[in-house]
Amino acid sequence: MKVSVLGCGRWGSFLAWYMNRLNHDVISFGPDDAIYRALAQTRKNEYITLPEQIQLTNNLQHAVTASEIIIISISSQALRGFLKEVTRFNLTDKKIVLCMKGIEEGSGKRLSEVAIESGIDKQQIAVWVGPGHIQDFVHNIPNCMVIDAYNPALTRTLAESFRSDIIRFYFGSDIIGTEIGAAAKNIFGIIAGVLDGMGYASLKGPLMARGAWEVARLIKALGGNELSAYGLCHLGDYETTLFSPHSHNRMFGEMLAKGKRFEKLAEGVSTARAVSGLAQRLGVNMPITETVNTSVCGTMDFQCVLKLLFGRDMREEFT
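The rules behind the values
Residue numbering note: each chain is counted from 1, following its sequence as written. Owing to the predicted nature of the model, reporting of local features is limited to residues with pLDDT of at least 70; listing and counting of side-chain atom pairs is limited to 80 or more, with chain, interface and lining totals taken over all residues. Computation of side-chain values covers all heavy atoms of the structure but excludes hydrogens and water. Between N-to-C directions, angles cover 0 to 180 degrees, with each direction set by a line fitted to C-alpha atoms, over the stretch in contact for helices. Secondary structure is summarised from DSSP: a helix means a run of H or I of at least four residues, a strand means a run of E of at least two, and numbering begins at the N terminus for each. Roughly parallel covers angles under 35 degrees, roughly antiparallel covers those over 145, roughly perpendicular covers 65 to 115, and oblique covers all other angles. What makes a crossing left-handed is the near helix being turned counterclockwise from the far one by less than a right angle; a clockwise turn instead makes it right-handed. Whether two residues are in contact is decided by their heavy atoms: any pair within 4.5 Å suffices. Three residue categories are used. Nonpolar comprises Ala, Val, Leu, Ile, Met, Phe, Trp, Tyr, Cys and Pro, charged comprises Asp, Glu, Lys and Arg, and polar comprises the others, including Gly. Three labels apply to residues, based on accessible area from a 1.4 Å probe with only protein chains included: buried if under 20% of the type maximum, exposed if over 50%, partly exposed otherwise in between. A pair of strands is considered paired only if DSSP assigns at least 2 bridges between the two. This arc is taken over the directions from the axis of the helix to the C-beta atoms. Patches were defined on residues exceeding 30% relative accessible area and lacking a salt bridge, with like-charge contacts within 9 Å and nonpolar side-chain contacts (Val, Leu, Ile, Met, Phe, Trp, Tyr) within 5 Å. Shrake-Rupley sampling with a 1.4 Å probe provides the accessible areas, and residues are treated as covered by the protein chains on show and by no other component. Just to be clear on terms, a salt bridge is a Lys or Arg side-chain nitrogen sitting within 4 Å of an Asp or Glu carboxyl oxygen. Here a pair means two rings of Phe, Tyr or Trp (six-membered ring of Trp) with centres within 6.5 Å. Their orientation is stacked below 30 degrees between planes, edge-to-face above 60, and tilted elsewhere. Think of it as a cone above the ring: NZ of Lys or CZ of Arg counts as a charge over the ring if it is within 6 Å of the ring centre and within 35 degrees of the ring normal.

Asker: Sorry if this is basic, but what is going on with the packing of helix α8 (residues 175-198) against helix α11 (residues 248-257) here?
Answerer: Viewed as axis vectors pointing N to C, α8 and α11 meet at an angle of 40°, and their least axial separation amounts to 6 Å. If you check the angle between α8 and α11, you find them oblique. The element α8 and its partner α11 pack so that their crossing is right-handed. Listed contacts from α11 to Asn186, Gly189, Ile190, Ala192, Gly193, Val194, Asp196, Gly197 and Met198 of α8 are Asn249, Arg250, Phe252, Gly253, Glu254 and Ala257. Of the residues that constitute the contact of α8 with α11, the class distribution is six nonpolar, six polar and three charged.

Asker: How do you make sense of the pairing of strand β4 (residues 69-72) when you look at a structure like this?
Answerer: Across a regular strand the side chains alternate sides, sitting on one face of the sheet and then on the other. The alternating pattern of β4 places Ile69 and Ile71 on one face and Ile70 and Ile72 on the opposite face, and all of these are buried. Alignment of strand β1 (residues 2-6) against β4, held across four bridges, turns out to be parallel. Bridge assignment links valine 5 to a residue of β4, and that residue is isoleucine 71. Relative to strand β5 (residues 95-98), β4 runs parallel, the two sharing four bridges.

Asker: Sorry, what's going on with the sheet that holds strand β7 (residues 143-149) here?
Answerer: Backbone hydrogen bonds are what pair the strands of a sheet, in a parallel or an antiparallel way. The strand order β3-β2-β1-β4-β5-β6-β7-β8 describes an open sheet built from eight strands, whose pairing is mixed. A strand with exactly one partner marks an edge of an open sheet, and here the two such strands are β3 (55-57) and β8 (167-171). Neighbour-to-neighbour, the strand axes of the sheet open up by a mean angle of 25°, direction not taken into account. Of the strand pairs in this sheet, β1 and strand β2 (residues 25-29) are connected by five bridges, and their pairing is parallel. Across the sheet, valine 5 pairs through a bridge with serine 28, a residue of β2. Helix α7 (residues 152-162) contacts β4, β5, β6 (125-129), β7 and β8 of the sheet and is inclined by roughly 150° relative to β7. Running at roughly 40° to β6, α8 makes contact with β6 and β7 of the sheet.

Asker: Any chance you could explain helix α4 (residues 79-86) here in plain terms?
Answerer: For an α-helix, the turn length of 3.6 residues means that residues three or four places apart are oriented alike. Taken together, the buried positions of α4 are occupied by Leu79, Phe82, Leu83 and Val86. Down the axis of α4, the buried set is contained in an arc of 100°. They therefore lie on one face. Where α4 is buried, its residues contact β1, β2, α3 (60-65), β4, β5 and α5 (111-117).

Asker: What should I look at first to understand the packing of α8 against helix α12 (residues 268-282) in this one?
Answerer: Direction vectors running N to C along α8 and α12 enclose 110°, while the axes themselves pass 8 Å from each other. Between α8 and α12, the interaxial angle falls into the category roughly perpendicular. When you trace α8 past α12, the crossing you get is left-handed. Between α8 and α12, the contacting residues are Ala183, Ala184, Asn186, Ile187 and Ile190 on the first element and Gly268, Val269, Thr271, Ala272 and Val275 on the second. When grouped by side-chain class, the residues that make up the contact of α8 with α12 number seven nonpolar, three polar and no charged.

Asker: Sorry, what's going on with a nonpolar patch on the surface here?
Answerer: Where nonpolar side chains cluster on the molecular surface, the patch consists of Leu227, Tyr230 and Leu235 and spans about 270 Å² of accessible area. Along the chain, the position of leucine 235 falls in the loop between α9 (204-221) and α10 (238-243).

Asker: I'm lost on the packing of aromatic side chains in this one. Help?
Answerer: We describe a pair of aromatic rings using the distance from one ring centre to the other and the angle between the two ring planes. Across all of its chains, the model carries 10 aromatic pairs by this definition. Considering the side-chain rings of phenylalanine 14 and phenylalanine 137, the 5.4 Å spacing of their centres and the 15° angle between planes classify their relative orientation as stacked. Of this pair, phenylalanine 14 sits in helix α1 (residues 10-21) while phenylalanine 137 sits in helix α6 (residues 134-137), and the two are 123 residues apart along the sequence. Each of the two residues, phenylalanine 14 as well as phenylalanine 137, counts as buried. Through a chain of ring-to-ring contacts, the aromatic side chains of Trp11, Phe14, Trp17, Tyr18, Trp128, Phe137, Phe162 and Phe169 assemble into a single cluster. Positioned above the aromatic ring of phenylalanine 243 is the side chain of lysine 204, whose terminal nitrogen or guanidinium carbon lies 4.4 Å from the ring centre.

Worth remembering: the numbers are spatial, not functional.
This is the structure we're talking about:
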């Protein structure tokens, strides 16, 4: 198939590499910035080297119109603005795959909702989420991921087209739960990093148990299946997010606790703000998310974080 990957950052460049590995005809698009220019000149970054068969371009029209499958991998908060450019071109019969995790700040919208509001056909939208790090995949260390869509036939088509010896895909059946769970796990990655930075990694067990329950409540309130919080999109992604040294969100939290600055993108920061606001509007109790949001904003010291998370009044486990 002809596949265009829009976004040539660390994950976008991996997706182009991976699609080429599956023998698809691949175009990798990036805006004419420093990241794209460096990739175009050297065909490599800190994670991968792009084979010569992959076409690199900064021409968005060419990237969108030349392929039948469009994979988008950019910062979640930039999606709405980016789609204003993408939808200038004819997207008829094109499958749009959002390989990114986040909730839009302000609106509290899932990324597929942002795509629909931007004019993309709901039946042609899919999301690709789940655990996995580039550093592992490029060394043939396998993992499992999820494809979900509003159209079950699209879910199956993409999962079968994208599977390989290093990624096994499962068919999602709850796009609300899949998107919320995938985005929210980054929030818990931050607080896991804080615990690492303070020397309290043993508290990750309670964090995982309470975190999944907290997210399940939000998924249910939004009309999804709360059991999705216990699948690959959320709980199944905890190892790569709460424990892995490759996790940007975990490292962000660890550096924060140590009073240091983490320079790379940690999507959990904006997601904590977005989910906190969404939970308040829906009346859903999400104390961990709210604590992360407050601590990231710098209005709470980390001893207070521990007191809030683990010094609360005694209660039944599932409340």
